[in-house]
Amino acid sequence: MPALTAPPPPATRPPRTPPPPARQRRRGTGRLAAVLISPTIAVLALVAGYPVLAALRESVFDKNSGLDRSGFVRTGERFVGLEHYLALFRGEAGERFWNAFTNTTFFTVTTVLIETVLGIVMALVMHQAVRGRALVRAGILVPWAIPTVVSALLWQWIFQADGAANALLGEQVLWTTDGFQAAVAVIVADTWKTAPFVGLLVLAGLQLIPAEVHEAARVDGATAWQGFLRITLPLLRPVLLVAVLFRLLDALRMFDLPYVLIGARKDSVETLSMLAFDEAANTRYGPAAAYAVLLFLYVAAVAFVFVRLLGADVFSSDDGGRTPGRRRTGVLRRHAAAKGAVA
């Protein structure tokens, strides 16, 4: 008989290492994220943080002028605290500041509203599958590609006394002189220049809407206007909010278009950026820095309120930015709600 052998011992598995606790994993992820974004933070601190701090410092100092008690010319600078900011509430400086603030707000609200409406119309036209669509898209986007200074010079030629605008109206309107007509000229030129930008963003949003959503709406008996109001416009809301936010931030900093088209020190078109530039050009660096700081705070406040109130729509879709399948489900769910509204 063959000799009986003992069965081999069962293979032993190495002890399983328990996973690290959740707090430790989060700590490691946070450190990795901090390392990865540190170059970006350093660049932002250099190109954005330092100028802001320098402007804040400059706004509380003023350049010495005149003679001292000994009869020598004063040099250097002196600390004035909030004097430049308090000057905004009195005298000629205050009147000029609030005029520039009003012009900036008026141009921002007016141009952004008109450009949003025209941008949606342009996007709907560019989205249509017609012959020569590529040529139409290129023609619509040309104004946005033109540099702002070149665009201002072009409209200056159009709005001159014997230009195309007066020839078309049959009137002699002095568009580039100080007055309400100058503000109208700036609004027209800025709308022509930047409405295609809004149209480009809206076009990208239109191309992301599934075609079956519109087909199902037509089968359900929805008209073109009902489909636009109940389906297209709600699905375009995140894209529209991003476009409006970008245009708000850009319009609040308007400078080169009115400066070249109308000119400096025109009360009807002077913006906060033009006011700060004019003060700096006349070596009044303290007031110029104060105006720049206030403009920065104004832009930051508008951006904060906009993102705070509409942040969920600006930075994510209704389904929280999950997988494409779930995003599609969210689109169809909104279509079902729109279908009920149409019915």
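The present account deals with the structure reproduced in this document.

### Things to note about the overall build of the protein
Part 1 of the reasoning: Regarding its fold elements, the protein presents 13 helices and two strands.
Part 2 of the reasoning: The proportion of buried residues among the 343 residues of the protein is 34%.
Part 3 of the reasoning: In the protein, the proportion of contacts linking residues at least 24 apart, taken out of those at least 6 apart, comes to 68%.
Part 4 of the reasoning: Working note: accessible area of the protein is about 21,500 Å², and carbon and sulfur atoms make up 66% of it.

### Digging into the pattern of salt bridges
Part 1 of the reasoning: Applying the stated criterion across every chain, the model contains 10 salt bridges.
Part 2 of the reasoning: A salt bridge links Asp190 to Arg247, with the shortest nitrogen-to-oxygen separation between them at 3.2 Å. Taken together, the residues Asp190 in helix H7 (residues 180–206) and Arg247 in helix H9 (residues 224–252) connect sequence positions 57 residues apart. Side by side, Asp190 and Arg247 carry an identical accessibility label, which is buried.
Part 3 of the reasoning: In this structure, Arg253 engages Asp250 in a salt bridge whose closest nitrogen and oxygen atoms are separated by 3.5 Å.
Part 4 of the reasoning: Judged by its relative accessible area of 46%, Arg253 falls in the partly exposed class.

### Quick look at the nonpolar core
Part 1 of the reasoning: Within the largest apolar cluster, 19 residues are counted, with the highest numbers of intra-cluster contacts made by Val202, Leu206 and Leu236.
Part 2 of the reasoning: Elements represented by at least two residues in this core include exactly helix H3 (91–127), H7, helix H8 (211–219) and H9.
Part 3 of the reasoning: With six residues, the top contributor of residues to this core is H9.
Part 4 of the reasoning: Each residue touching Leu206, except ones within four places of it in the same chain, is listed here: Ala123, Leu124, His127, Thr232 and Leu236.

### Some points on unusual backbone geometry
Part 1 of the reasoning: The phi dihedral of Arg265 falls on the positive side, at around 55 degrees, and the residue is not glycine.
Part 2 of the reasoning: As for its position among the elements, Arg265 is in the loop between helix H10 (256–261) and helix H11 (272–281).
Part 3 of the reasoning: For Arg265, a relative accessible area of 48% gives the class partly exposed.
Part 4 of the reasoning: Positive phi outside glycine occurs at Thr283, with the angle close to 60 degrees.
Part 5 of the reasoning: Tracing the sequence through the fold places Thr283 in the loop between H11 and helix H12 (285–315).
Part 6 of the reasoning: Assessed through its relative accessible area of 42%, Thr283 is described here as partly exposed.

Scoring rules and cut-offs
Residues numbered from 1 in each chain as written. Predicted model: local features only at pLDDT ≥ 70, side-chain atom pairs only at ≥ 80, totals over all residues. Heavy atoms only, no water. Helix = DSSP H or I, 4+ residues; strand = E, 2+ residues; numbered from the N terminus. Buried < 20%, exposed > 50% of the residue type's maximum accessible area, 1.4 Å probe, protein only. Contact = heavy atoms within 4.5 Å. Areas by Shrake-Rupley, 256 points an atom, 1.4 Å probe, with all protein chains shown as cover. Salt bridge = Lys/Arg side-chain N within 4 Å of Asp/Glu carboxyl O. Core = buried A, V, L, I, M, F, W, Y, C linked by side-chain atoms within 4.5 Å.

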